[in-house]
Amino acid sequence: MDFAYKGKTIRIVQGDITKIKVDAIVNAANEGLRGGGGVDGAIHRAGGPSIMEETRKIGRCPTGQAVITGAGNLPVKYVIHTVGPIWTGGGRGEAGLLKNAYESSLRLAREHGVATIAFPSISTGIYGFPIEKASPIAVGAALDHLDGDTTVREIQFVLFSRPDFEVYQETVKEILGTRPTATNTPPTVPRNT
Ligand code: AR6
């Protein structure tokens, strides 16, 4: 489902991110950039060994930050690897770290002239971040990025499961309802002077 925002697009998709044709996909990695299960495993399997060769050279990526590599056999130019926080109840800055992960990924995308980018739901699998708390952070960071000066024209969220897809769809509807956009900017109220 597509949502227009300031002449740009937020797209919510149910599917496998390794099949999505965009300029860059984002990987939910770990700090050691060693590969793993979940979407990380799927990206390395589909992309082939060149991605791991590059991440090995990079070394590590602290939680909340992001690094970029080529994409091997994937139908995209770049893989942006970001590390979301491990959920431990919410009292250890998890929300801020998750926001940082989205922001760092989008900054890297802009630095590489990326126009279309697809995210999985960072941290909400093996890392246990509740999706109802994570999705407003993800969508909020995406809209904030599109508010600024950026090369990015389209941000996709690719959700593996139907329930996750529905959560994101509802989140986008709710958040867009609270934000003025280029097409529905509230009229300026003339002041009585
Ligand atoms: N396409 C889109 N989404 C997917 C795919 C896919 N092919 N496969 C899984 N998901 P997770 P995390 C969804 O666990 O919580 C790894 O071992 C999945 O259903 O991949 O950030 C890393 O190396 C879930 O909604 O990432 C780290 O150690 C979402 O992707 C750790 O897991 C994220 O789940 C990171 O955990």
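Below: a short report on this structure.

Rules behind the numbers
Residues numbered from 1 in each chain as written. Predicted model: local features only at pLDDT ≥ 70, side-chain atom pairs only at ≥ 80, totals over all residues. Helix = DSSP H or I, 4+ residues; strand = E, 2+ residues; numbered from the N terminus. Rg over C-alpha atoms; globule rule 2.2 N^0.38 Å. Buried ≥ 20, exposed ≤ 12 C-beta atoms within 10 Å, placed from the backbone. Contact = placed C-beta atoms within 7 Å. Pairing = 2+ DSSP bridges. Axes fitted to C-alpha atoms, helices over the stretch in contact; angles between N-to-C directions. Near = placed C-beta within 6 Å. Nonpolar A, V, L, I, M, F, W, Y, C, P; charged D, E, K, R; others polar.

The subject of this paragraph is the overall build of the protein chain. Each helix and strand in the protein chain was counted, giving five helices and seven strands. Reading the secondary structure of the protein chain in the N-to-C direction produces β-β-β-α-α-β-β-α-β-α-β-α. Taken against the 2.2 N^0.38 rule, which gives 16 Å for 193 residues, the C-alpha radius of gyration of the protein chain at 17 Å falls within 12% of a compact globule. Its C-alpha atoms put the protein chain at 65 × 35 × 30 Å along the principal axes. Within the protein chain, buried positions represent 43% of all 193 residues. Long-range contacts, defined as pairs at least 24 residues apart, comprise 71% of the intrachain contacts of the protein chain with a sequence gap of at least 6.

Our next topic: the sheet that holds strand β7 (residues 154-159). In spatial order, the strands read β1-β2-β7-β6-β3-β5-β4; together these seven strands make up an open sheet with mixed pairing. Each of the sheet's edge strands pairs with one partner strand only, and the pair in question is β1 (2-5) and β4 (66-69). Neighbour to neighbour, the strand axes of the sheet diverge by 20° on average, direction disregarded. In the sheet, strand β6 (residues 116-119) pairs with β7 via four bridges, with the strands oriented parallel. Bridging across to β7, F119 finds its partner in F157. On top of the sheet, helix α1 (residues 38-47) reaches β3 (24-28) and β5 (78-82); it is set at about 130° to β3, its chief contact. Sheet strands in contact with helix α2 (residues 50-58) are β4 and β5, and its direction is about 135° off that of β4.

Once that is clear, we can look at the pairing of β4. Going residue by residue along β4, you find A66 and I68 tucked away on one face and V67 and T69 tucked away on the opposite face as well. Here β4 runs beside β5; their pairing, made up of four bridges, is antiparallel. Directly across from A66, in β5, lies its bridge partner T82.

Turning to the site of the ligand, a few remarks are in order. The local shell around the ligand holds 24 residues, among which A28, N30, G36, G38 and G125 are the closest. No other element matches α1, which puts four residues into the shell around the ligand. Among the residues making up the shell around the ligand, the classes are represented as 11 nonpolar, 10 polar and three charged.

Time to look at the environment of T82. On the secondary structure map, T82 appears in strand β5. When the 27 C-beta atoms within 10 Å are taken as the criterion, T82 is described as buried. Separated by 64 residues in sequence, T82 and T18 have C-alpha atoms that sit 16 Å apart. Contacts of T82, omitting those with residues within four sequence positions, involve V26, A29, A66, A101, S104, S105 and I122.

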